[in-house]
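# Structural description and commentary
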Amino acid sequence: MRDVPSKGTSAIIRGVSTGRSHHLLSELEAIYFFLLERRASTVDLREQWPILDFDRTLELCEQFGVRHTARSGYPEPFTIDLLITERVNGELKYRAASVKSPEDAFDPFVRLRLKVEHAWCQERGIPWTLVDTKRFNKTMLETLRFMRAWFRHRYVLDSSLENRFVEQFAAAYSRNLPLGELLAKLSKLLRQPTTVMQDVFRYCAWSNRIQPSLVHPLALNAPVVLQTETVHV
């Protein structure tokens, strides 16, 4: 993070499933990272993954007319924003994702560098995607952070409580009822502290048991807007 310009939006995030500290260089990367973390099929996420095959990246740079970055006379590796390991039909699969702003995605210099990444991945049978970030914004980031706070609060998973919570949430939900009031109501019904109900809600939302909209603010003093469309990752 110290070596790469990030416009003040970098962050170190402890992974829910990996337990590792992940260094993310932008809010867009953080949003995509959170979206992937929520998927049950995601096994591992490796950020800023370096391509150390310098012989080939130098050849690809020459082929595409790209200047290979170097430091003190030695080539610096191309890095893939996220190398994703997923379990698909019982098998581990890998794919690469580049997360750029819409402006960067259309920058000619950036596109040439992405062409090198894409070609290198294609040669090795690794699917490569340029993530569409047009719908990513601060509201989505804050909504995901709000949900993910169950992990920061060290909520201990309880499937029996979560099942009862989801059932009672569906029965008590109202589009005009602030989330804090709804959770206070469920606190009495389920005989649990309100703080526990808050983290059960956050976890159920994070794990898609309840599906709040990602494009609307999510807060205790506002009603919950439920999802009407899916953000594809």
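Let me begin by describing the structure that accompanies this report. As the structure is a prediction and not an experimental result, all values here were calculated from the model. (Residues numbered from 1 in each chain as written. Predicted model: local features only at pLDDT ≥ 70, side-chain atom pairs only at ≥ 80, totals over all residues. Heavy atoms only, no water.)

### Describing empty space enclosed by the protein
Remark: the empty space left among the atoms is shown by a probe the size of a water molecule rolled over them. Here the structure, examined in full by the defined rule, presents one cavity of 30 Å³ or more. In this structure, the largest cavity encloses a volume near 30 Å³. Class assignment of the residues belonging to the lining of the largest cavity gives a composition of two nonpolar, five polar and one charged. (1 Å grid on protein atoms, 1.4 Å probe; cavity = no way out; pocket = protein on both sides within 12 Å on 5 of 7 lines; lining within 4 Å. Points joined across faces, edges and corners; volume = space filled by probe spheres on them. Nonpolar A, V, L, I, M, F, W, Y, C, P; charged D, E, K, R; others polar.)

### Some points on the packing of helix 6 (residues 159-172) against helix 7 (residues 179-190)
Between helix 6 and helix 7, whose axes approach to 10 Å, the crossing angle comes to 125 degrees. Taken as axis vectors, helix 6 and helix 7 run oblique relative to one another. Here the hand of the crossing between helix 6 and helix 7 comes out right-handed. Where helix 6 approaches helix 7, its residues Leu-161, Arg-164, Phe-165, Gln-168, Phe-169 and Ala-172 are matched on the opposing element by Leu-182, Leu-183, Lys-185, Leu-186, Leu-189 and Leu-190. Its residues assigned to classes, the contact of helix 6 with helix 7 shows nine nonpolar, one polar and two charged. (Axes fitted to C-alpha atoms, helices over the stretch in contact; angles between N-to-C directions. Helix = DSSP H or I, 4+ residues; strand = E, 2+ residues; numbered from the N terminus. Parallel < 35°, antiparallel > 145°, perpendicular 65-115°, else oblique. Left-handed = near helix turned anticlockwise from the far one by under 90°. Contact = heavy atoms within 4.5 Å.)

### With respect to a nonpolar patch on the surface
A cluster of nonpolar side chains, namely Val-43, Leu-92 and Tyr-94, defines an oily patch on the protein surface of about 250 Å² accessible area. For Tyr-94, the position within the fold is in strand 7 (residues 91-98). Overall, Tyr-94 belongs to the partly exposed group, its relative accessible area being 41%. (Patch = residues over 30% accessible without salt bridge, like charges linked within 9 Å, V, L, I, M, F, W, Y side chains within 5 Å. Areas by Shrake-Rupley, 256 points an atom, 1.4 Å probe, with all protein chains shown as cover. Salt bridge = Lys/Arg side-chain N within 4 Å of Asp/Glu carboxyl O. Buried < 20%, exposed > 50% of the residue type's maximum accessible area, 1.4 Å probe, protein only.)

### What to know about the pattern of salt bridges
Per the stated rule, a full pass over the model turns up 16 salt bridges. Taking the shortest distance from any N to any O, the salt bridge between Arg-148 and Glu-37 comes out at 2.8 Å. Taken together, the residues Arg-148 in helix 5 (residues 138-152) and Glu-37 in helix 1 (residues 27-37) connect sequence positions 111 residues apart. Of the charged contacts, one joins Arg-56 and Glu-123 as a salt bridge, the two residues approaching to 2.5 Å between their closest N and O atoms. Of this pair, Arg-56 sits in helix 2 (residues 54-64) while Glu-123 sits in helix 4 (residues 108-123), and the two are 67 residues apart along the sequence. Since its relative accessible area comes to 42%, Glu-123 is described here as partly exposed.

### Focus on unusual backbone geometry
Even without a glycine there, the phi angle at Gln-48 is positive, about 50 degrees. Position of Gln-48 among the secondary structure elements: in strand 3 (residues 42-51). Under the relative-accessibility criterion, Gln-48 is labelled buried at 19%. For Arg-191, which is not glycine, the phi dihedral falls at a positive 55 degrees. For Arg-191, the position within the fold is in the loop between helix 7 and helix 8 (194-206). Given the relative accessible area of 77%, Arg-191 is considered exposed.

### Let's talk about the sheet that holds strand 7
Working definition: the strands of a sheet are paired by backbone hydrogen bonds and lie parallel or antiparallel to each other. Taken in spatial order, the four strands line up as 3-6-7-8 in an open sheet, and their pairing is mixed. Single-partner strands in this sheet number two, and they are strand 3 and strand 8 (128-130). This sheet shows a mean twist of 30 degrees between the axes of neighbouring strands, independent of strand direction. Sheet topology note: the strand 7/strand 8 ladder contains three bridges and is parallel. The residue bridging Ala-97 from the neighbouring strand is Thr-129, located in strand 8. Contacts between helix 1 and the sheet are confined to strand 3, strand 6 (78-88) and strand 7, with strand 6 contributing the most and set at about 15 degrees to the helix. (Pairing = 2+ DSSP bridges.)

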